[in-house]
Each structure stands twice: as C-alpha cells, then as structure tokens.
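# Structural features, examined
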Amino acid sequence: MNASAVPVWDLWPGGIEWQPMSPRLRTVWVLRSLLNFLILAVIAAVPLTIWLGWDGLLWALGGYVVLAGLRALAVARTVRTWGYAERGQDLLVRHGLLTRRLSIVPYGRIQLIDLSAGPIERMFGLTTVQVRTAALGSNTEVPGLDPHVAAALRDRLAVRAAEVREGL
C-alpha cells in the first residue's frame, strides 16, 4: 500500500488511551438542539400561519419534528467521537463526525484554563474545560466532564504547563 493510499487517521498517534466524554453529554446537546429548533419553528410558524393559515402551523411543526429528529441522531453520534488524552508533553483532543479534528496542545503553550457550565450542563452535572494557548484565538475544549474530573484535569494541565515554562 503506497503512502498516499493510507488514510490520515491511520497516521495519527497510536497506542493512546482516549478518555471518553460522559454519556450525559449526549442528552445535554440533544436538549440544546431541540430548544434551538423549537425557537426556529416558532419563528417560522408565524409567517407560515399568516400566509398559509393553520396549514402553515402544521408545516412548521412537521418541519420541527423532522429536523429535530435528524439533529438528535447526528448529535448522539457526534458525542461518541469526542475524546481526550494526556501525554508527556501535550494534551490531545479529538472530535468530529464528518470533519474529524485532532488538536494537539503542547503544555508549554497553555496560557489559561477555564471551567464552564451552562444551565443545562449544570442540571446534568457536567463541566467543560477550555484551554487557551499562546496562539491568537486558539481555544480547545474538552466538554462533558464530571466536575471533579474537570477540576482534576484543570489542575494537572496547570501544573504541567508551569513545569514546562520553568524548564525554558
């Protein structure tokens, strides 16, 4: 097999134990999507009802059900693609269903580590770790972690980043 025929995913770092996101993240993202689609359906229902009468309202609700169902399936599959791993010199974060992404964050480039949780995440006991680096506008997220896991990850990343900076 020549080098050009090898999928890029086979060239990624091997032997890594990926940490998955919490299964509750799927529920959080599906709920968030359903709320967003409901707002769009209500906005679409007003002009459709004016133009088409009550049939327009039925079209808006039918469209909502179809789009929300498709989005829920996509979100459920997307959550399974997320994972993170800590190596000696960097943090790896992978995700993506159609467009796959692998972010490699060297500990020495980490400048800020945030923990965040919106209202829906808090209802389900989840937290997101946001890692900002020296690169302008660079932000890597690890969503869907239990709060104690997120806090421990934040602390380990902060310690490793400080160690690498002290060694420079």
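Residues numbered from 1 in each chain as written. Predicted model: local features only at pLDDT ≥ 70, side-chain atom pairs only at ≥ 80, totals over all residues. Heavy atoms only, no water.

## Here we look at helix H1 (residues 24-52)
Its 29 residues place the ends of H1 40 Å apart at the C-alpha level, agreeing with the 42 Å of an ideal helix rising 1.5 Å per residue. Of all the bends in H1, the greatest reaches close to 25° and is centred on Ala45; the proline Pro47 follows between one and four positions later. For H1, the complete set of buried residues consists of Leu25, Val28, Trp29, Val30, Ser33, Ala41 and Ala45. Among the structural elements, helix H2 (54-79), helix H3 (119-123) and strand S7 (139-145) are those in contact with the buried residues of H1. (Helix = DSSP H or I, 4+ residues; strand = E, 2+ residues; numbered from the N terminus. Expected span 1.5 Å × (residues − 1). Bend = angle between axes of the 7 residues up to and from the residue. Buried < 20%, exposed > 50% of the residue type's maximum accessible area, 1.4 Å probe, protein only. Contact = heavy atoms within 4.5 Å.)

## Considering the nonpolar core
Of all hydrophobic cores here, the largest spans 25 residues; its most connected members are Tyr84, Leu91, Ile110, Val129, Val142, Leu145 and Leu157. Every element with two or more residues in this core is listed here: H1, H2, strand S3 (90-95), strand S5 (110-116), strand S6 (127-133), S7 and helix H4 (147-166). When neighbours within four sequence positions are excluded, Val129 is seen to be in contact with Ile113, Asp114, Leu115, Thr140, Glu141, Val142, Leu145, Ala150 and Leu153. (Core = buried A, V, L, I, M, F, W, Y, C linked by side-chain atoms within 4.5 Å.)

## Quick notes on the pairing of S7
Counting buried positions along S7 yields five of seven residues, so the element is predominantly enclosed. Bridge analysis of S6 against S7 gives five bridges, and the strand direction is antiparallel. The residue bridging Arg132 from the neighbouring strand is Asn139, located in S7. (Pairing = 2+ DSSP bridges.)

## Overview of the side chain of Thr133
With respect to the element layout, Thr133 can be found in strand S6. Setting aside its immediate chain neighbours within four residues, Thr133 contacts Val105, Arg109, Ile110, Gln111 and Ser138.

## A few points about the pairing of S3
With four bridges connecting them, strand S2 (residues 83-86) and S3 associate as antiparallel partners. Within the sheet, the bridge partner assigned to Gly83 lies in S3 and is Arg94. Hairpin connection between S2 and S3: a loop of three residues separates the two successive antiparallel strands. By the bridge criterion, six bridges tie S3 to strand S4 (residues 101-106) in an arrangement that is antiparallel. Bridging from a neighbouring strand, Leu91 pairs with Val105 of S4. Linking two consecutive strands that pair antiparallel, namely S3 and S4, is a turn of five residues; a positive phi of about 120° is found at Gly96 within it.

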